[in-house]
Amino acid sequence: MMTVKEVSKLTGVSIRTLQYYDKIGLLKPAMYTESGYWLYDEKALEMLQQILLLKELEFPLKEIKQILSRPDFDKNKALEQQITLLTMKKEHLENLICFARGIQLMGVNTMDFSVFDTKKMEEYARQAKEQWGKTDEYKEFEQKSQERSKEEDQAVIGNFMQLFAEFGELKQSPPESDEVQSHVKKLQDYITEHFYKCSKDILYSLGQMYAAGGEFTDNIDRAGGAGTAEFSALAIRIYCGKR
């Protein structure tokens, strides 16, 4: 057990904030002693960690309370989304640092505001909110993953990335061409067969994520060459009727 002061020191969350979380019913101490001490156990600390993760995903406290009280709350999905968002923030900060150094060293006068654009991070956070929860698709993904061996998993992922290598070979073709659109259908069928039922709505969301920057985009461009993620996303958007 830890006191509220010890928890504050460990986590960097102020005592006043912990008191507020208690007041609104978001995070209760494990117990209150007769002498007035608030004591937190490991379960409460784990809950606090989840609250902080969701705050980084830009959920308001009211929604965080609702999410954590749901029986289908998925900690692994929260962590996966957190890693992606932090990676995007890291890349954003690195771009700002390079931009500032350029001005410092070379006296750059060009008015370039693109490095301050956070639309991709905001879009990912929005998608994370929309996709929150343990959906039927996620349950199907978990089941299929559990049924495969480690070697089979590696083969599935390898073949999945090969599809993007093939997208890279098609980049010179119009994204609306029959050949490219046929390849999008091949991607959709592969996801349905090996991961979860991939409707056009899901495929469209995936396409947006592929081109949103961060690890997704880097891996796809590594497989098919620079610009493959953007090209794939555009082809998917056309396939899904979202021109």
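Here, every reference points to the structure presented above.
Residues numbered from 1 in each chain as written. Predicted model: local features only at pLDDT ≥ 70, side-chain atom pairs only at ≥ 80, totals over all residues. Heavy atoms only, no water.

(A) Broad picture of the overall build of the protein chain. Tallying secondary structure elements over the protein chain gives 12 helices and 3 strands in all. Taken over 243 residues, the protein chain has a buried fraction of 37%. In the protein chain, the share of contacts with a sequence separation of at least 24, taken over all contacts with a separation of at least 6, comes to 63%. When the accessible surface of the protein chain is split by element, carbon and sulfur atoms take 52% of a total near 14800 Å². (Helix = DSSP H or I, 4+ residues; strand = E, 2+ residues; numbered from the N terminus. Buried < 20%, exposed > 50% of the residue type's maximum accessible area, 1.4 Å probe, protein only. Contact = heavy atoms within 4.5 Å. Areas by Shrake-Rupley, 256 points an atom, 1.4 Å probe, with all protein chains shown as cover.)

(B) View of the sheet that holds strand β1 (residues 2-3). Pairing in this open sheet of 3 strands is antiparallel, and the strands run β1-β3-β2 from one edge to the other. In this open sheet, the two edge strands, each paired with only one partner strand, are β1 and β2 (31-32). (Pairing = 2+ DSSP bridges.)

(C) Geometry of the packing of aromatic side chains. Under the definition given, this model contains 7 aromatic pairs. Between F160 and F164, the aromatic rings sit 5.3 Å apart at their centres with planes inclined by 85°, giving edge-to-face as the arrangement. Of the two residues, F160 and F164 are both situated in helix α8 (residues 150-169); the distance of 4 residues between them amounts to about one turn of the helix. Its relative accessible area of 0% is what places F164 among the buried residues. Sitting over the face of the ring of Y239, K200 holds its NZ or CZ atom 4.9 Å from the ring centroid. (Phe/Tyr/Trp six-rings, centres within 6.5 Å; stacked < 30°, edge-to-face > 60°. Lys NZ or Arg CZ within 6 Å of the ring centre and 35° of its normal.)

(D) Layout of the packing of α8 against helix α12 (residues 228-239). Packing of α8 against α12 brings their axes to within 9 Å, and their N-to-C directions diverge by 90°. With respect to α12, the axis of α8 lies roughly perpendicular. Note on element contacts: α12 touches α8 through T228, F231, S232 and A235, opposite F164, F167 and G168. Of the residues in the contact of α8 with α12, the class split is 4 nonpolar, 3 polar and no charged. (Axes fitted to C-alpha atoms, helices over the stretch in contact; angles between N-to-C directions. Parallel < 35°, antiparallel > 145°, perpendicular 65-115°, else oblique. Nonpolar A, V, L, I, M, F, W, Y, C, P; charged D, E, K, R; others polar.)

(E) The arrangement of the pattern of salt bridges in detail. According to the stated counting rule, one finds 3 salt bridges in the structure shown. D22 serves as the salt-bridge partner of K28, at 3.3 Å between the closest nitrogen and oxygen. Residue D189 pairs with K185 through a salt bridge whose shortest N-O separation is 2.9 Å. Here D189 and its partner K185 are both found in helix α9 (residues 178-194), 4 residues apart, which amounts to about one turn of the helix. Judged by relative accessible area, which is 38%, D189 ranks as partly exposed. (Salt bridge = Lys/Arg side-chain N within 4 Å of Asp/Glu carboxyl O.)

(F) Structural context of the nonpolar core. Counting residues in hydrophobic clusters, the biggest one holds 24 residues, and the most contacted among them are F160, F167, L187, I191, L203 and Y210. Those elements that place two or more of their residues in this core are α8, α9, α10 (200-210) and α12. When near neighbours in sequence (up to four residues on either side) are disregarded, Y210 contacts F160, F164, L187, I191, F216, T217, I220, A229 and I236. Ranked by size, the runner-up nonpolar core spans 17 residues in total, among them V13, L26, F59 and I64. (Core = buried A, V, L, I, M, F, W, Y, C linked by side-chain atoms within 4.5 Å.)

(G) View of the side chain of R148. Position of R148 among the secondary structure elements: in the loop between α7 (136-147) and α8. When residues no more than four places from it in sequence are discounted, the contact partners of R148 are D153, V156, H194 and F195.

(H) Just α9, in detail. Across its 17 residues, α9 extends 24 Å between first and last C-alpha, which sits within 8% of the 24 Å expected from 1.5 Å per residue. When we look at burial in α9, the residues that qualify are V180, Q181, H183, V184, L187, Q188, Y190, I191 and H194. (Expected span 1.5 Å × (residues − 1).)

Take it as geometry only, folks, not as evidence of what the structure does.
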